[in-house]
Each structure stands twice: as structure tokens, then as C-alpha cells.
Amino acid sequence: MSYQPNERGYWGEFGGRFVPETLMYPLEELTDTYFAVRDDAGFQAEFRQLLTDFSGRPTPLFHAKRLSEKLGGAQIYLKREDLGHTGSHKINNAIGQVLVARRMGKRRVIAETGAGQHGVATATVCALFGLECVVYMGTEDMRRQALNVFRMQLLGAEVRGVDSGSRTLKDAINEALRDWVTNVDSTYYLLGSALGPHPYPLMVRDFQAVIGREAREQILEKTGALPDALVACVGGGSNSIGLFHPFLNDQSVRMIGVEAGGRGNALGEHAARFNEAGGGKIGVLQGTKSYLLQDENGQIALTHSVSAGLDYASIGPEHAFLHSISRAEYVAASDAEALAAFQLLSQTEGIIPALESSHAIAYLQKLAPEMPAAATIICNLSGRGDKDVNQVQEMLATRDADL
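I will try to describe carefully the structure that is included in this document. What you see is a predicted model; the values in this text were computed from it and never measured.

### Digging into helix H2 (residues 41-53)
Phase 1: For H2, with 13 residues, the first-to-last C-alpha span of 18 Å sits near the 18 Å given by 1.5 Å per residue.
Phase 2: Of the positions making up H2, those classed as buried are Phe43, Gln44, Phe47, Leu50 and Leu51. One side of H2 holds all its buried residues, which, seen down the axis, span an arc of 125°. For H2, the exposed residues set more than 90 degrees away from the buried face come down to Ala41 and Asp53.
Phase 3: At its buried positions, H2 is contacted by helix H1 (24-38), helix H4 (90-103), helix H5 (117-129), helix H9 (200-208) and helix H10 (210-223).
Phase 4: Where H2 begins, the capping side chain belongs to Asp40, and its oxygen is found 3.1 Å from the backbone nitrogen of Gly42.

Okay, structure coming up:
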């Protein structure tokens, strides 16, 4: 089966391009440029070289023996995206898109960010190539991720706080889109996840698929067989689709995306878009048709997650498609479960995960014991937890004070 979108950017009924007329031309220009460089040997060679020499790929596939033993059941392998330059998978897409921007002659780059990792990655590649960089970030996320704000500024980026709405990722994307509409001639919008209007979901997926290609080669080398399951957290969905894509035609491989279950099932208490009882319905947000959280009147709902990177009302259209055809499974982990998993991995394997990745680790505690000891799971460790330690310290102190 082909898992490519059609020429209009749709996977089944999901995707497309729902934007103001003023953005149709720049999106067409971007599409033409991307499809040209996608098949350009020189572009791909430069991309691969930067992934190797600048970002440090390939990232390891680590057999988490102590975690596997503690949980019982399947053997767990961690794809160590946290060891890439800047500390997460976001650098893969940032490198690819900045090369596209240079091909288009753009000297100014804008981006949105939630947890700050995409903003840091964008600021990093702009510093590498001497480009002007502006990053939009919700003020609530700036509060939660003060370290990443300073990292972006240190790299020469201007960080513009967004104080509207929930002051999180959705609002940062809104402001970035407004900027792009105003400055389309000079500006490239480096979108950070597999979201938005065509060709962004496809382009981001392609740049992140290096994760799954490497993981596939590595697990075959280590075990001689494909994994039984893949697990990754899902916000917009770039780290997960990057892991899943090279395995999509392997029907024996289960694929499980873990959304943010937040504090509860009520609308506004979580960010689990496939939770229909909790407000998840098909709709259009920020340029694409997918599942999103909305109230009974169709208004975009507030979301909540302990993790800034998962705190978003919609999900990438390819994930919506995989859900609709039952090729991938989508579950949720709560704030409390993610916080416990953050501590578990730190103390069991000496690896401090990002709060986003901790949602995937949390689900392993349910999945692994249900599987035989000969089974294998690859879990994508999408980022490291340095950015989250102050937040976790505060949450643990508050929790312990309440006991």
C-alpha cells in the first residue's frame, strides 16, 4: 500500500491546504521547490552530510536492559534522538528545511515552538547559515521552558512572546502564520511538526524518516528481526511519523502513538485528539484537516499537558489517516504517569527523558508486560529532559507537600 498523499496533499480525507489566498502562491512555490530538491542528488547529499557532521547521526539504538527487566515481558530498545545536536529530533527537520529556504533565496526564517526544542533547532541552523531568525512562543510555554528561551536568544534568534488564547503552541502558530502572510517575499516559515497546509506534513515526515530508517537497520543488526512494536509520543506528530513511516508496509509491526492524557477526560484537561468522548472530532485548524479538540459548537478547545510540546489541539493529518485505517493505534498517558516515567527512566537507565518522551515511556509500563520476553519494542526517545528538570523539581515538591 502507498502511504503517500495525493497531489493535493490529502491522505484519504485528511490534509489539504486550508489557507488565505495570500498564502496559496508561497505554498505552491514551496511545493515546487521541495519536489525539485527531493529528487536532487546534490541537495540530498548536503542534507545527509549535515545530519552526520553537524547533528551527529546516526543516533544509537540502546537496549534498555534494566528497564526491560523491571517491567517484565518484551525487550525495550530506545532510539536515542535525545543524543542528537540540540537535544531532540527537531534538528533533522530544521536542517532539511533551512536548506530548502536557501534554495528559495530566503534570508529571514520564522518558526513557532512549544517546548522550545524546535525553536532551538531553528535558531541553531539559522546561526549556522547566517540567517535572520524570529521564533514565536506562547508566554505560558516561555515560563515553562525558560532555559530554551535563553538558548534561542544566545543563538541570535529573536523570541517573540504570544500572550493570546492559551498562550501555548496553537497561539504561536497563529502569530507565525500572520507574520508569513505579511512578509512572504522575504520570509521562510520553518514549521516544526507534521502539521499545517500541504506540503509541510509531507516534507517534515520525509526529513524525519531518517529516524525510522536508522532504527530499522539497527534492530535488524542487533536482533536479526523486525520489532514487534514501535512506541512514540504524539503532539503534532513528527517524531512518531518519522519512526513509523519506514515500517508502514511491515504489517507485523504494531505502531502506537501516545498522546497527552493530561489531568482528566474533560475538555480542556487533556490534549488527546483521538479521545472522542473528550472532544476529539474531525475539523480544520491552521491549514489542515485532521482530528482536533473542539467544543459542541465547533470552537477550538483549550488543551492541557504537563508537556509543552504535546499541548496542542490538533494532530498531523497522516496520523489521522493511519488511525482511520487502523494501521496505527493511539493511546494516552496522563500527567501523573508521564511524571512517574520521567523518574523511572532516570533511575533505571541513567537517561533523563524529555516530558514529551516520558509519555511514551509511561505506556511501555502497560505494553511491555503484556508481551513475551522474546518480543521487542522500539521506543523513540525524542528528546532529553534537561529543559524540564526545573519544572519537574517544582511539580515533585508540590506533590510531596500535598502528601
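### Remarks on the pattern of salt bridges
Phase 1: Summed over the entire model, instances satisfying the criterion amount to 31 salt bridges.
Phase 2: For Asp82, the salt bridge is made with Arg80, and the minimal N-O distance between the two is 2.8 Å. For the pair formed by Asp82 and Arg80, the shared burial category is buried.

### Some words on unusual backbone geometry
Phase 1: Here the bond from Arg57 into Pro58 is cis, since omega is 0°, no more than 30 degrees from zero.
Phase 2: Mapped onto the secondary structure, Pro58 falls in the loop between H2 and strand E3 (61-63).
Phase 3: Cis rather than trans, the peptide bond between His198 and Pro199 has omega equal to 20°.
Phase 4: Here Thr86, not a glycine, exhibits a phi torsion of approximately 80°, which is positive.
Phase 5: On the secondary structure map, Thr86 appears in the loop between strand E4 (75-80) and H4.

About the thresholds
Think of each chain on its own: its residues are numbered from 1, step by step along the sequence as written. For a predicted model such as this one, the threshold for reporting local features is a pLDDT of at least 70, and the threshold for listing and counting side-chain atom pairs is 80 or more; totals across whole chains, interfaces and linings nevertheless cover every residue. Hydrogens and water molecules were not included; the side-chain quantities draw on all heavy atoms of the structure. Going along the chain from the N terminus, every DSSP run of H or I of four or more residues is numbered as a helix, and every run of E of two or more is numbered as a strand. To estimate how far a helix should reach, multiply one less than its number of residues by 1.5 Å. A simple rule labels every residue: compare its accessible area, found with a 1.4 Å probe on the protein chains alone, to the largest value its type can have, and call it buried under 20%, exposed over 50%, or partly exposed in between. By definition, the arc is the one covered by directions from the helix axis to the C-beta atoms. The contact rule is simple, with two residues in contact once any of their heavy atoms fall within 4.5 Å. N or O atoms closer than or at 3.5 Å make up a polar contact, with two conditions inside protein: a donor-capable atom paired with an acceptor-capable one, and, for residues adjacent in sequence, both atoms drawn from side chains. A pairing counts as a salt bridge when a side-chain nitrogen of Lys or Arg comes within 4 Å of a carboxyl oxygen of Asp or Glu.

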